[in-house]
Every structure is written in structure tokens, then in C-alpha cells.
Amino acid sequence: MSNKDSIFFRNFSILLAALVVLTVALILVGMSMQNNLVANIKSEADRSAIAELIKPVAAVNTDPNAIVELEPAALAAAFDGSLDGEMIYNNACAACHVSGAGGAPKLEAAAWELRLAQGMDKLVQHAIEGFVGDYGMMPARGGNAALTDEQVKVTVEYMTAHLE
Ligand code: HEC
């Protein structure tokens, strides 16, 4: 072995020994920190405070009862639930039924004679569910889905009571 090699060996051995000492020292420091931490978590309150700090930000909701209920407002009937057939007719039906657009029967007796013969229930049902006849297409609830069955019914009653 050359002189240089033995110098290297000696220095390298010192370095290794120093690293071993450092490692042991760090392990000891780590252990004492851990002991301090555990010693500080004494009470149940500490534990729940820690649990609160490290809890996940979100969780999957598996509660079937948690399905969001529709806001009552979203289900509210058209025109605040009004049962004023004339007002509903003017706002939701007149666009077609006054002009006869698309084959809609105007409020003229002749146009309703055969329709009335079906009976009121049938007329109301056609107005609620929509109806395609010989003249054109009557959209369900006149195209206003927020109208209740009752509102459509009073409107049909208004229409059939005002034939000229
Ligand atoms: C987009 C145009 C349109 C609107 C809006 C409309 N209707 Fe009609 N309606 C029609 C047409 C077209 C017919 C005729 C269909 C046929 O007989 O071929 C009709 C027919 C009817 C009939 C007769 C059904 C039958 O059995 O003969 C009733 C009752 C009626 N509409 C009620 C209403 C009411 C109530 C509204 C408002 C809530 C309304 N309509 C809005 C187009 C419309």
C-alpha cells in the first residue's frame, strides 16, 4: 500500500466513524422529540384536537337520506298557483288560441263543437298531456310545465265557457 492510500484509508475511516456518531446522535434526538410529543398528548381533548387538525378535507357521502331536496320554490306552480283561468289563458294559451297559430282552435263555438263532444275530462287531459290532432300539435300544458293540473283545468273551463 502506498503512503497516499494509507492516508486516504485513515481519513475515510475517520469520516465513517463521524457519520456513525452523527447517525446515533440523530436517532437519540428523534427519540427524545417523539417522547416529548407523546408526553404532551395527555388528554382526550388533545387527541380530538389533533384528529380535527389532520382530518381529510372531504369524504364520500354514503348517506342515502342526504340527497338534496329540491327547493320548494323550484317546484312552485306558475303564476303563484293562481286559479284565475282568464289570466292563465291570456298568459299561457292565448298566443296560439287567439290567432289560431299552428291550427289551434280559436274560441269560436264551431271550432269546439266536436271537441266539447269528447267531454270535459278528455279536453283537460289533452291540455295537460299534450295532444296531436287533425289540425296541429297542442303542447303539454301549453308548453308551460310549471302549470299544475288544476291550473290547466280551470283554464280549459274558462276557454270553453267563453266560446263565441
Ligand atoms: C303552441 C301553441 C299552443 C299553445 C301555447 C296552447 N295550445 Fe292548446 N292547442 C293547440 C293546437 C294546435 C290545438 C289543436 C290540436 C288539434 O286538434 O289538432 C290545441 C288544442 C287545445 C285543446 C283542445 C283539445 C282537444 O281535445 O280537442 C284544448 C282544451 C287546449 N288546446 C287548451 C290549451 C290551454 C289550456 C293552453 C294554455 C295552458 C293551450 N291550449 C296552449 C296549440 C296550442
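Placed above this text is the structure.
Keep in mind it's a predicted model, so treat the numbers as computed, not measured. (Residues numbered from 1 in each chain as written. Predicted model: local features only at pLDDT ≥ 70, side-chain atom pairs only at ≥ 80, totals over all residues. Heavy atoms only, no water.)

Caption draft 1: Spatial organisation of the packing of helix H4 (residues 85–97) against helix H7 (residues 149–161). Running from N to C, H4 and H7 cross one another at 75°; their axes reach a closest spacing of 9 Å. With respect to each other, H4 and H7 are oriented roughly perpendicular. Where H4 abuts H7, its residues Gly85, Glu86, Ile88, Tyr89, Cys93 and His97 lie against Gln151, Val154, Thr155, Tyr158 and Met159. Residue classes in the contact of H4 with H7 are distributed as 6 nonpolar, 4 polar and 1 charged. (Axes fitted to C-alpha atoms, helices over the stretch in contact; angles between N-to-C directions. Helix = DSSP H or I, 4+ residues; strand = E, 2+ residues; numbered from the N terminus. Parallel < 35°, antiparallel > 145°, perpendicular 65-115°, else oblique. Contact = heavy atoms within 4.5 Å. Nonpolar A, V, L, I, M, F, W, Y, C, P; charged D, E, K, R; others polar.)

Caption draft 2: Highlighting the coordination of the iron atom of the ligand. Around the iron atom of the ligand, the protein contributes the donor atoms His97 (NE2) and Met138 (SD), which lie 2.0 to 2.1 Å from the metal centre. For the iron atom of the ligand, the 6 donor atoms in the first shell make angles of 86 to 179° at the metal, so the coordination geometry reads as octahedral. One end of the pair, histidine 97, is in helix H4; the other, methionine 138, is in strand S2 (residues 137–138), and 41 residues separate them in sequence. Relative accessible area serves as the criterion here: at 21%, methionine 138 is assigned to the partly exposed category. (Donors = N, O, S within 2.8 Å, 3.2 Å for Na, K, Ca; no water. Tetrahedral: all angles 85-135°; square planar, octahedral: opposite > 155°, others 65-115°. Buried < 20%, exposed > 50% of the residue type's maximum accessible area, 1.4 Å probe, protein only.)

Caption draft 3: Focus on the site of the ligand. Of all residues adjacent to the ligand, which total 28 residues, the nearest are Cys93, Cys96, His97, His126 and Met138. At 2.7 Å from an oxygen atom of the ligand is found a side-chain nitrogen or oxygen belonging to arginine 115. One nitrogen or oxygen atom from the main chain of glycine 133 is found 3.2 Å from an oxygen atom belonging to the ligand. If you map the ligand onto the pockets, it falls in the largest pocket. Those elements that provide at least two residues to the shell around the ligand are H4, helix H5 (109–117), helix H6 (120–129), S2 and H7. Per element, the largest residue contribution to the shell around the ligand is 4 residues, and it comes from H4. Tallied by class, the residues present in the shell around the ligand amount to 16 nonpolar, 9 polar and 3 charged. (Near = heavy atom within 4 Å. Polar contact = N/O pair within 3.5 Å; in protein donor to acceptor, adjacent residues only side chain to side chain. 1 Å grid on protein atoms, 1.4 Å probe; cavity = no way out; pocket = protein on both sides within 12 Å on 5 of 7 lines; lining within 4 Å. Sits in = over half its atoms within 2 Å of the grid points.)

Caption draft 4: Geometry of the environment of threonine 148. Considering the arrangement of structural elements, one finds threonine 148 in the loop between S2 and H7. C-alpha separation for the pair threonine 148 and leucine 83, spaced 65 residues apart in sequence, amounts to 9.6 Å. When residues no more than four places from it in sequence are discounted, the contact partners of threonine 148 are Ala77 and Arg141.

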